[in-house]
Amino acid sequence: ALLITDECINCDVCEPQCPNSAIYMGDEFYEINPDQCTECIGHHEEPQCVVVCPVECIEKDSAHPEDQAQLHAKYLRLVQA
Ligand code: SF4
Ligand code: SF4
């Protein structure tokens, strides 16, 4: 999964771009639900939130490291849910 850092300026552009509805407004800035973030695997070549973020505040979530196979398995779980 990816993680939004406290450098987020709450510009709102990433939230509607997420194919998994993983992005939501947190207490102070936008956050990503790691259970729903496939790093865009299954939907797009690149993480769409990273593509649109104007301040480059989205990075790999070191608390939720996943390889391509795990991310793809998550994608399949989400589309079947
Ligand atoms: Fe959503 Fe993709 Fe960003 Fe994950 S990487 S939060 S799935 S847009
Ligand atoms: Fe925050 Fe970047 Fe999303 Fe804008 S695009 S709300 S700065 S994470």
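Attention in this report is confined to the structure presented alongside it. (Residues numbered from 1 in each chain as written. Chains lettered and ligands numbered in written order. Predicted model: local features only at pLDDT ≥ 70, side-chain atom pairs only at ≥ 80, totals over all residues.)

## Here's the deal with the site of ligand 2
Inspection of the region around ligand 2 gives 14 residues, with C8, C11, C14, Y30 and C53 positioned closest. Grouping the constituent residues of the shell around ligand 2 by class yields 12 nonpolar, 1 polar and 1 charged. (Near = placed C-beta within 6 Å. Nonpolar A, V, L, I, M, F, W, Y, C, P; charged D, E, K, R; others polar.)

## Side note on the nonpolar core
L2, C14, I23, I32 and C49 are the most contacted members of the largest nonpolar core, which has 13 residues in total. Contributing elements (two or more residues each) for this core: β1 (2–4) and β3 (30–32). (Core = buried A, V, L, I, M, F, W, Y, C linked by C-beta atoms within 7 Å. Buried ≥ 20, exposed ≤ 12 C-beta atoms within 10 Å, placed from the backbone. Helix = DSSP H or I, 4+ residues; strand = E, 2+ residues; numbered from the N terminus.)

## Focus: the site of ligand 1
In the vicinity of ligand 1 there are 14 residues, among which C18, C37, C40, P47 and C49 approach most closely. A per-class count over the shell around ligand 1 returns 9 nonpolar, 4 polar and 1 charged.

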